[in-house]
Amino acid sequence: MGGKGSKHDRVIDPLTFDENDAIDKLMNFKEIISLDELFHRWNSYLTLNMKSHIKHLFATNKPCRQRVVHVYRCLATCEMYHESYLKIMSIVLAKSNIERYTVDLLETINLCLKDTDEYAYWIRIGAKSHAILQLSSQLSKDGLTGDIAAWVRGNTLLGLLHRALITTLYSVPRKLDLLPAINVNQKYIQSFKTILDLGWIMFIKHSLPADCQDSWRLLFSTTSHGESFQSLCASILDQGNTILILKDNSGNIFGGYASQSWLLKPKFYGDSSCFVFSLYPNLKICASSGFNDNFMYMNNGQHTLPNGIGMGGQFGYWGLWIDSEYGIGKSSPSCSTFNDFSMLSANKDFTIDSLEIWCVKEKPKLEDEEEERKLTSDRDDWDMNLLEMAGRAKYSDGLRDEDEFLNE
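Participant: So what about the overall build of the protein? Which residues, and what values?
Facilitator: Along its length, the protein carries 16 helices and 11 strands. For the protein, the proportion of contacts with a sequence separation of at least 24, taken over those separated by at least 6, is 68%.

This is the structure we're talking about:
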């Protein structure tokens, strides 16, 4: 029972200065505090239903400092294997419906986020918070049909939500890590309105690789940049990893994650970390199936090849397709490139209502010269077309750029 060599004999990291200071202030420098006093302080963050769950977390109406620290450790560590975390969550969930609990947790998290800069930025560009029930259903579905402990242990987003909750309630200075910071050019800040809901943002962010989660930069949106395929291509070419978000004319919202920069090529490229997703009416990620490597495709100005932007499938049978005749899109009923795939749009052929594209990982500024030469040699005449779209002049052989003369 917890003796030397026991798997329960875990070295516990001491609380940091900030954590100790926050807990001292929370306890008002007393050894015992009433839950009513805590609830009074937390009133702006907790829904009425969440208060009952919090009571089960503390298991007493007058928790001592040791219990307050224990609850913090259980929820703030975010270690899915942590037995204390599993135990305390099992107690809470045994007294509540799992789906009801996740709804209450997400509603509370929405209140916790309101003090963050990230929340303010997203609200400023029109993000809503209507997808809480949808995200709750997605989070809880495995717990409703399987082992609760396995569900808690394997649900890392649930762990992040708990960490965000407890650090907010305890006023511990720590980034909540639920919403990415965003960068929108001041030129477009007034006109741009995002398609995204806060629940969808959390869902997408958590599904991305870790180095794509912290900061997103807007590359293109129909509300700000207009409805032009040339403008779209010029905005996203060679920028880094991106996410595409589309809304069709029937109200379906969906998109894809591109793990490499968009480049004009005569064939598919990309890698298995690419995925497509549905946000509305269903919330779902479709990861690589391993069946083929048809992840990304981009072309324009060709007579013998499809012109547009595609993800998955094959020519004419796309998982997701944006045609060069702007406004036209396609999504096939099936796509072998991605697992658990079903048609993303309401109809196979659809009209784009709105589109936005975010860079989620910037292309490194310093590229290896040999790699850059290889990329350059791979580009044919169609690449020059795109340079013209972007407003960059094309110079004939034997002529020099005006800048060369200015520098002589």
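Participant: Which residues make up the environment of I352, and what are the values?
Facilitator: Take I352: it is sitting in strand 11 (residues 349–362). Along the chain, I352 and T222 lie 130 residues apart, while their C-alpha atoms are 9.6 Å from each other. If near-sequence neighbours (up to four positions away) are discounted, I352 is found in contact with L246, K247, I322, Y326, G327 and I328.

Participant: Residues and numbers for helix 5 (residues 83–94), please.
Facilitator: Here helix 5 is 12 residues long and its end C-alpha atoms lie 16 Å apart, about the 16 Å a rise of 1.5 Å per residue gives. Of the positions making up helix 5, those classed as buried are Y85, L86, I88, M89, V92 and L93. Those residues of helix 5 that are buried are in contact with helix 3 (48–58), helix 4 (65–76), helix 6 (98–113), helix 9 (148–154) and helix 10 (156–169).

Participant: Help me get a handle on the pattern of salt bridges, residues and values and all.
Facilitator: Applying the stated criterion across every chain yields a total of 10 salt bridges. In this structure, K30 engages E37 in a salt bridge whose closest nitrogen and oxygen atoms are separated by 3.3 Å. Its relative accessible area of 25% is what places E37 among the partly exposed residues. Of the charged contacts, one joins E37 and R41 as a salt bridge, the two residues approaching to 3.0 Å between their closest N and O atoms. One end of the pair, E37, and the other, R41, are both in helix 2 (residues 35–41), 4 residues apart, so they sit about a helical turn from each other. Within this structure, K30, E37 and R41 form a network of salt bridges that share partners.

Participant: Give a detailed account of the nonpolar core, specifying residues and quantitative values.
Facilitator: Counting 85 residues, the largest nonpolar core has W122, Y170, W216 and W358 as the members making the most contacts within it. Looking at this core element by element, the count peaks at 8 residues for helix 10. The next biggest cluster of nonpolar side chains, apart from the first, holds 35 residues, and it includes L232, C233, L264 and L355.

Participant: Can you lay out helix 8 (residues 132–145) for me, pointing to particular residues and giving the numbers?
Facilitator: Between its terminal C-alpha atoms helix 8 stretches 21 Å, which fits the 20 Å expected from 14 residues at 1.5 Å a residue. If you look at helix 8, its biggest bend is around 35 degrees, right at L139. Along helix 8, the positions that sit buried rather than exposed are I132, Q134, L135, S136, L139, S140 and G143. On the buried face of helix 8, the contacting elements are helix 6, helix 9, helix 10, helix 11 (198–207) and strand 5 (275–280).

Participant: Summarise the packing of aromatic side chains; cite the residues concerned and give the values.
Facilitator: Within this structure, the stated rule accounts for 20 aromatic pairs. Between the aromatic rings of Y257 and F275, the centroid separation amounts to 5.3 Å while the plane-to-plane angle is 35 degrees, which identifies the pairing as tilted. Residue Y257 is found in strand 4 (residues 253–258), and its partner F275 is found in strand 5; the two are separated by 18 residues along the sequence. An identical accessibility class is assigned to Y257 and F275; each is buried.

Participant: Residues and numbers for empty space enclosed by the protein, please.
Facilitator: All chains considered together, the criterion is met by 2 cavities of 30 Å³ or more. Only helix 10 and helix 11 provide two or more residues apiece to the lining of the largest cavity. Tallying contributions element by element places helix 11 first for the lining of the largest cavity, with 3 residues. Residues of the lining of the largest cavity, tallied by class, amount to 4 nonpolar, 2 polar and 2 charged.

Participant: Pulling in residues and values, what's your account of unusual backbone geometry?
Facilitator: Geometrically, the link from Y280 to P281 is a cis peptide bond, its omega value of 10 degrees lying close to zero. Positionally, P281 belongs in the loop between strand 5 and strand 6 (284–286). Backbone geometry places S171, a non-glycine residue, at a positive phi of 60 degrees. Topologically, S171 is positioned in the loop between helix 10 and strand 1 (181–183). Judged by its relative accessible area of 56%, S171 falls in the exposed class. In the Ramachandran plot, D177 falls in the positive-phi region, its phi being about 60 degrees despite a non-glycine side chain.

Participant: Hey, could you go over the confidence of the model for the protein for me, with residue numbers and the actual values?
Facilitator: Confidence in the prediction of the protein, expressed as mean pLDDT, is 87, and 86% of residues score 70 or more. Confidence drops under a pLDDT of 50 for residues 376–408, and excluding neighbours within four residues, the segment shows 29 contacts in the predicted structure.

Participant: I'd like a rundown of the side chain of Q213, residues and numbers included.
Facilitator: Assignment of secondary structure puts Q213 in the loop between helix 11 and strand 2 (215–221). Looking at Q213, the relative accessible area reads 17%, which means it is buried. Not counting chain neighbours up to four residues away, the residues in contact with Q213 comprise P180, K205, H206 and L208.

Participant: Got a sec to walk through the packing of helix 4 against helix 5? Specific residues and values, please.
Facilitator: Their axes nearest at 8 Å, the elements helix 4 and helix 5 cross at an angle of 105 degrees. In terms of their interaxial angle, helix 4 and helix 5 are classed as roughly perpendicular. Taking contact as the criterion, the partners of R67, H70, V71, C74 and L75 in helix 4 are, on helix 5, S84, Y85 and I88. Its residues assigned to classes, the contact of helix 4 with helix 5 comprises 5 nonpolar, 2 polar and 1 charged.

Participant: Summarise the environment of L198; cite the residues concerned and give the values.
Facilitator: With respect to the secondary-structure elements, L198 resides in helix 11. Residues L198 and K128, 70 residues apart in the sequence, show an inter-C-alpha distance of 6.0 Å. With near-sequence residues (within four places) excluded, L198 lies in contact with N110, Y119, W122, I123, A127, K128, S129 and L179.

Basis of the calculations
- Residues numbered from 1 in each chain as written.
- Predicted model: local features only at pLDDT ≥ 70, side-chain atom pairs only at ≥ 80, totals over all residues.
- Heavy atoms only, no water.
- Helix = DSSP H or I, 4+ residues; strand = E, 2+ residues; numbered from the N terminus.
- Contact = heavy atoms within 4.5 Å.
- Expected span 1.5 Å × (residues − 1).
- Buried < 20%, exposed > 50% of the residue type's maximum accessible area, 1.4 Å probe, protein only.
- Salt bridge = Lys/Arg side-chain N within 4 Å of Asp/Glu carboxyl O.
- Core = buried A, V, L, I, M, F, W, Y, C linked by side-chain atoms within 4.5 Å.
- Bend = angle between axes of the 7 residues up to and from the residue.
- Phe/Tyr/Trp six-rings, centres within 6.5 Å; stacked < 30°, edge-to-face > 60°.
- 1 Å grid on protein atoms, 1.4 Å probe; cavity = no way out; pocket = protein on both sides within 12 Å on 5 of 7 lines; lining within 4 Å.
- Points joined across faces, edges and corners; volume = space filled by probe spheres on them.
- Nonpolar A, V, L, I, M, F, W, Y, C, P; charged D, E, K, R; others polar.
- pLDDT = per-residue confidence, 0-100.
- Axes fitted to C-alpha atoms, helices over the stretch in contact; angles between N-to-C directions.
- Parallel < 35°, antiparallel > 145°, perpendicular 65-115°, else oblique.

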